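# Fold and contact review
Below are the chains, spelled out letter by letter.
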Amino acid sequence: MTIQTSICPRCGQPTEGGLCPECRAANTRLITCEPRVTAVYCPVCDSQKRGKTWADLRIPREDFIAELAISAANIHADAKDLRVTVRSEETGPNRTTCALDLEATLYSVPVHETCEIEILWQKEACDRCSRISGGYYEGIVQVRATDRKINAYERGVATSIAEQTEDSLQEAGDRLSFISELENSKDGVDITVGSQHLGQEIARMVTGALGGRYTTHPKLVGEKDGKALYRVTYSIRLPYYQKGDVVVSRGGYFEVRDIERQQRLRVFDLQAGTARTLTEAEVERLIGNVREAESALVVFTQPDVVGLMDPRTYKTRELDAVPWTFPVEGQPIRVLRDEEQDRLVIVG
Ligand SMILES: [Zn+2]
Ligand SMILES: [Zn+2]
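The following refers to the structure shown. (Residues numbered from 1 in each chain as written. Chains lettered and ligands numbered in written order. Predicted model: local features only at pLDDT ≥ 70, side-chain atom pairs only at ≥ 80, totals over all residues. Heavy atoms only, no water.)

This brings us to the coordination of the zinc ion (ligand 1). Binding of the zinc ion (ligand 1) to the protein goes through Cys8 (SG), Cys11 (SG), Cys20 (SG) and Cys23 (SG), at separations of 2.2 to 2.3 Å. Because the angles between the 4 donor atoms bound to the zinc ion (ligand 1) fall within 104 to 116°, the donor set is best described as tetrahedral. Coordination of the zinc ion (ligand 1) draws on donor residues from a single chain, spaced C-x2-C-x8-C-x2-C in sequence. Classification of Cys11 as partly exposed rests on a relative accessible area of 39%. (Donors = N, O, S within 2.8 Å, 3.2 Å for Na, K, Ca; no water. Tetrahedral: all angles 85-135°; square planar, octahedral: opposite > 155°, others 65-115°. Buried < 20%, exposed > 50% of the residue type's maximum accessible area, 1.4 Å probe, protein only.)

The following block contains the structure:
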């Protein structure tokens, strides 16, 4: 029986053949780095360009720098148990120097190497910012009301819906769905949008929240890269009546809960506490909206009568009890004032 032993030609230790693990590890380059990488970014919005594609920076800048440095490093395929740390320092107005520190095991031998990478930052206007600064747009959403001016509440809702829709489309990667102008005019709100997708979404969401309907009016404005370029006006008409309006019909008071097509209102009977439908023709007048309700103190309650302190005159007024409300003496209850009849209407 012969026992075959080999020894490492470099250090003379016994091995299974060839160099021993220590000498192999010592002989292998763990990491090689490109000394310099160029990163293109938009100075306006901080978007980053990879190849030809722009993307918003969604991670902290420090993490992005570490990612760039690591992508410039080539780590030996046999390395295991990698522990990488990157320290970076701004070394000039357009340069960042990164020290990459790598600990690993190579052929079961712990190894440690470092390298240095310089990131050169190059400014370029991104696809979105160059469209915005060039005045490019694909549509305008016009928010108007039927036979009346739109009010501050509706302006606020339309504006915040527009901004939220822009944010959510951009977060989903639709970079060119931007709002380039949001204008409050005396007629309503005009929202200039960078994509028809955004215009459509805003029109859908605003009519969903405030009622009414919208029509689209495309207009051919020219050609871009061989394709017909349309601009679309999304014309929103908010209904005359709004959610929360309190209307008078045949001597009763009704709160508008929803506005259906063909001028039909889904209402809540503020005396009986039941739901029903009214046509606009059945409405005699509008007394206000529950958003403007006042708070009146309940002075006394009796089976058929409730006494409220009028918040304007501090005098006690007697009202018919409203079966669907539960007034408590000493507690406030919400009322709307019918100026024409000089009455308070309990809205709950
Ligand atoms: Zn050796
Ligand atoms: Zn940009």
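Here we take up the sheet that holds strand E10 (residues 109–123). Spatially, the 6 strands line up as an open sheet ordered E6-E5-E4-E10-E9-E8, and their pairing is mixed. Strand pairing shows two members of the sheet lacking a second neighbour, strand E6 (53–55) and strand E8 (80–92), which therefore form its edges. Averaged over neighbouring strand pairs, the angle between their axes works out to 35° when direction is ignored. (Pairing = 2+ DSSP bridges. Helix = DSSP H or I, 4+ residues; strand = E, 2+ residues; numbered from the N terminus. Axes fitted to C-alpha atoms, helices over the stretch in contact; angles between N-to-C directions.)

Right, let's talk about a nonpolar patch on the surface for a bit. Nonpolar side chains collect at one region of the surface, where Ile70, Leu82 and Val84 lie side by side and expose about 210 Å² of accessible area between them. Relative to the helices and strands, Val84 resides in strand E8. (Patch = residues over 30% accessible without salt bridge, like charges linked within 9 Å, V, L, I, M, F, W, Y side chains within 5 Å. Areas by Shrake-Rupley, 256 points an atom, 1.4 Å probe, with all protein chains shown as cover. Salt bridge = Lys/Arg side-chain N within 4 Å of Asp/Glu carboxyl O.)

For the zinc ion (ligand 2), every protein donor is listed as Cys42 (SG), Cys45 (SG), Cys126 (SG) and Cys129 (SG), and the spread of their distances is 2.2 to 2.3 Å. Coordination at the zinc ion (ligand 2) is tetrahedral: its 4 donor atoms span angles of 106 to 112° at the metal. Sequence positions of the residues that donate to the zinc ion (ligand 2) give the spacing C-x2-C-x80-C-x2-C. Taken together, the residues span a long stretch of sequence, with Cys45 in the loop between strand E4 (36–41) and strand E5 (48–50) and Cys126 in the loop between E10 and helix H3 (127–133) at a distance of 81 residues. By relative accessible area, Cys45 is classed as partly exposed at 26%. Accessibility expressed as a relative area gives 0% for Cys126, which makes it buried.

Below, the discussion takes up the nonpolar core. One recurring pattern in soluble globular proteins is that nonpolar side chains are buried together. Among the nonpolar cores identified, the biggest contains 24 residues, and Leu30, Leu100, Ile117, Ile119 and Trp121 are the most heavily contacted of them. Ranked by residue count, the leading element in this core is E10, at 6 residues. If near-sequence neighbours (up to four positions away) are discounted, Leu30 is found in contact with Asn74, Ile75, His76, Ala79, Leu102, Ala104, Leu106, Val111 and Glu113. (Core = buried A, V, L, I, M, F, W, Y, C linked by side-chain atoms within 4.5 Å. Contact = heavy atoms within 4.5 Å.)

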